[in-house]
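Structural characterization, general
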Amino acid sequence: MTDNQNLPTTPAATTRACGCPDYDETRLALSRRALIGGTALAGGAIALGPGLGGGGPRAYAVTGRASSKLSSPLGSVLVLLSLRGAADGLSLVVPHADPNYYAARPRIGIPQASLLVPDAMFGLHPALAPLVPMWNAGTLAAVHATGMATPNRSHFAAMEAIEDAAPGSTARNGWLNRLLGELPGASPLQGTAMGNQIPTSLFGTNPAFVVGRVDDAKVAGTEDDGRRLASLKHAWKGSGPMSKAVRDAIEGAETFGQARDTPAGKPATAYPGTELGRALSDVSRIVRSGVGAEVITVDQGDWDMHTDLGTVEWGDMRRNAGDLASAIAAFFADLGPMADRVTLVTLSEFGRRVKENDDYGTDHGFGNVMFVAGAGVRGGQYYGSWPGLQNTLDGDLLVTTDYRSVLTEIVTKRFGVSVAQVFPGFAPTPVGVMA
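Since this is a predicted model, take the numbers as computed values, not measurements.

Reading guide: rules and limits
Residues numbered from 1 in each chain as written. Predicted model: local features only at pLDDT ≥ 70, side-chain atom pairs only at ≥ 80, totals over all residues. Heavy atoms only, no water. Helix = DSSP H or I, 4+ residues; strand = E, 2+ residues; numbered from the N terminus. Buried < 20%, exposed > 50% of the residue type's maximum accessible area, 1.4 Å probe, protein only. Contact = heavy atoms within 4.5 Å. Areas by Shrake-Rupley, 256 points an atom, 1.4 Å probe, with all protein chains shown as cover. 1 Å grid on protein atoms, 1.4 Å probe; cavity = no way out; pocket = protein on both sides within 12 Å on 5 of 7 lines; lining within 4 Å. Points joined across faces, edges and corners; volume = space filled by probe spheres on them. Nonpolar A, V, L, I, M, F, W, Y, C, P; charged D, E, K, R; others polar. pLDDT = per-residue confidence, 0-100. Axes fitted to C-alpha atoms, helices over the stretch in contact; angles between N-to-C directions. Parallel < 35°, antiparallel > 145°, perpendicular 65-115°, else oblique. Left-handed = near helix turned anticlockwise from the far one by under 90°. Phe/Tyr/Trp six-rings, centres within 6.5 Å; stacked < 30°, edge-to-face > 60°. Core = buried A, V, L, I, M, F, W, Y, C linked by side-chain atoms within 4.5 Å. Expected span 1.5 Å × (residues − 1). Polar contact = N/O pair within 3.5 Å; in protein donor to acceptor, adjacent residues only side chain to side chain.

Another aspect to go through is the overall build of the protein. From N to C terminus, the protein includes 13 helices and 13 strands. By the burial criterion, 58% of the 435 residues in the protein qualify as buried. A separation of at least 24 residues holds for 75% of the contacts in the protein among residues at least 6 apart in sequence. Put simply, the protein shows about 16,700 Å² of open surface, and 54% of that area lies on carbon and sulfur atoms.

Quick look at the structure:
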């Protein structure tokens, strides 16, 4: 191992190679699923590719049963920000009062003097500084020692399980898709995923829409007098799932016209020039345009830091955490008055080992941290029951709060839905993070 302390990694660094075969295979598997994910079944995906989407698979609709729902009386919006690759929650929210933290991480441990908004036990990584104003304003909170009931250290299997959120069920129906089924509203964009694939959380029987960029969500070649668009609709007027998917994709692209006409914001806190910054800028346009999106998913990758997680001076944690904080801060500043409607929650498939490895990194672990920001949040606090750490090779942060308890508070407090429908068979424990 070469000492990289003289080779700092900045937030503007390019995407690194993660070096984890499981994570690399997971990304390939998810990409394959996006391309072939169920075109023979209801719930399949149809891409707006050449002739529909302007030359590439930029937007598609995932269709299920037809919707006859009315507009939402609450007007709430949930943004699920997935930290892909298993973020190290022990670096993001540091348990500085647990002596085993520094004993297990003599090189990568975040010094107590560098921590932001510390309390008697926890403090934030210094790269999260852009979020401190939200913390002080009471619109950002952290819940530590969260996760699934049992360890699962396979990226693909853990992503599937945590987003399906129905242990033991064989139904391919993610928790956000089940939430959509409980919400009123008829917009084709009610459930929207930013990216190039449908996440497991949105997959299921209720319609969802996937888009790479707002400006690309259009039906190509229809800037004429409408004859080609009418022809496409006529060609796909059948009752089969393929026809329904294409019609939903066209309707979604048409509805997205309002979002395309909504200018990109120029918040006082600038968006970082990263994929996450661009995605959340687009999410702000979608929300501000009023197209009816109520559940939106966004991904941030490269959290699988087996090597070069680094220190406060250099490394991938500093870069990724800075990107995360800057993008979230800019997003809520950009929303303006609409911020009163939006709640954002972060989720990662699992956490990291307590003990650092020989490569300035951490390996797959168990418990993690969740951030909750925006409307309805009882912020400026750290939540969760701390189990204590063990300075052993196989030591993991234990889970004391099922992640579904955090999500339950959000969906019940913000949307007024039944937890039994969204998380079947689950009995949540109180967390207190939502007002």
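Scanning the entire structure with this criterion turns up five cavities of 30 Å³ or more. If you trace the largest cavity, you find 15 residues lining it, with Thr146, Gly147, Ile162, Ser348 and Glu349 closest to the centre. Considering each element in turn, the lining of the largest cavity owes the most residues, three residues, to strand β11 (residues 368-374). By residue class, the composition of the lining of the largest cavity is eight nonpolar, six polar and one charged.

What follows concerns the environment of Gly361. Counting through the fold element by element, Gly361 comes out in the loop between β10 (342-347) and β11. Look at Gly361 and you get buried, because its relative accessible area is 0%. For the pair Gly361 and Arg105, spaced 256 residues apart in the sequence, the C-alpha separation amounts to 9.7 Å. Setting aside its immediate chain neighbours within four residues, Gly361 contacts Ile108, Met305, His306, Thr307, Asp308, Leu309 and Glu356.

What follows is about the confidence of the model for the protein. Averaged over all residues, the pLDDT of the protein is 84; the fraction at 70 or higher stands at 80%. Of the regions scoring below 50 in pLDDT, residues 31-74 engages in 130 contacts with residues more than four places distant in sequence or in other chains.

Between helix α10 (residues 275-289) and helix α11 (residues 316-335), the least distance of the axes is 9 Å, while the angle of their chain directions is 20°. One finds that α10 runs roughly parallel with respect to α11. Once α10 is placed against α11, the crossing between them reads as right-handed. On α11, the residues that touch Leu276, Gly277, Leu280, Ser281, Val283, Ser284, Val287 and Arg288 of α10 are Asp323, Leu324, Ala327, Ile328, Phe331, Asp334 and Leu335. In the contact of α10 with α11, the residues fall into nine nonpolar, three polar and three charged.

Counting buried positions along helix α5 (residues 155-164) yields seven of 10 residues, so the element is predominantly enclosed. Listed in full, the buried residues belonging to α5 are His155, Ala158, Met159, Glu160, Ile162, Glu163 and Asp164. Positive phi appears at Ala165, one or two residues downstream of α5, with a value of about 55°.

Our focus in this paragraph is the packing of aromatic side chains. To describe a pair of aromatic rings, one takes the distance between the centres and the angle between the planes. Overall, the coordinates contain eight aromatic pairs when judged by the stated rule. Ring geometry for Phe331 versus Phe332: centroids 5.2 Å apart, planes at 70°, classification edge-to-face. Phe332 gets classed as buried once you look at its relative accessible area, which sits at 9%. Arranged with centres 6.4 Å apart and planes meeting at 75°, the rings of Phe423 and Phe426 form a pair that is edge-to-face. For the pair Phe423 and Phe426, a shared accessibility class is recorded, and that class is buried.

For Ala86, which is not glycine, the phi torsion reads 80° and is therefore positive. Mapping Ala86 onto the fold places it in the loop between β3 (77-83) and α2 (89-92).

Turning our attention to the nonpolar core. Counting residues in each nonpolar core, the largest one holds 72 residues, and the members touching the most others are Ile296, Val298, Phe331 and Phe332. Residue contributions to this core peak at 11 residues, all from α11. In this structure, Leu179, Leu180, Val372 and Phe415 belong to the second largest nonpolar core, which totals 41 residues.

Glancing now at α11. The end-to-end C-alpha distance of α11 is 29 Å, a good match for the 28 Å that 20 residues give at a rise of 1.5 Å each. Along α11, 18 of the 20 residues are buried, which leaves the element largely enclosed by surrounding structure. Backbone geometry just after α11 places Gly336 at a positive phi near 60°.

Before going further, it helps to spend a moment on the environment of Arg178. With respect to the helices and strands, Arg178 occurs in helix α6 (residues 175-182). By relative accessible area, which is 10% here, Arg178 ends up buried. Excluding residues that lie within four positions of it along the chain, Arg178 makes contacts with Asp164, Ala165, Ala166, Asn173, Gln421, Val422, Phe423 and Pro424.

With that settled, the discussion passes to the environment of Leu128. With respect to the helices and strands, Leu128 occurs in the loop between β5 (123-124) and α4 (132-137). Once residues lying within four places of it in the same chain are set aside, the contact partners of Leu128 are Leu92, Leu116, Ala321, Ala325 and Phe371.

This brings us to the side chain of Arg352. Looking at the element boundaries, Arg352 is found in the loop between β10 and β11. You can call Arg352 buried: its relative accessible area is 1%. Of note is the side chain of Arg352, whose polar atom sits 3.2 Å from the backbone oxygen of Gly85. Within the structure, the side chain of Arg352 is placed 2.6 Å from the backbone oxygen of Thr362, a separation counted as a polar contact.

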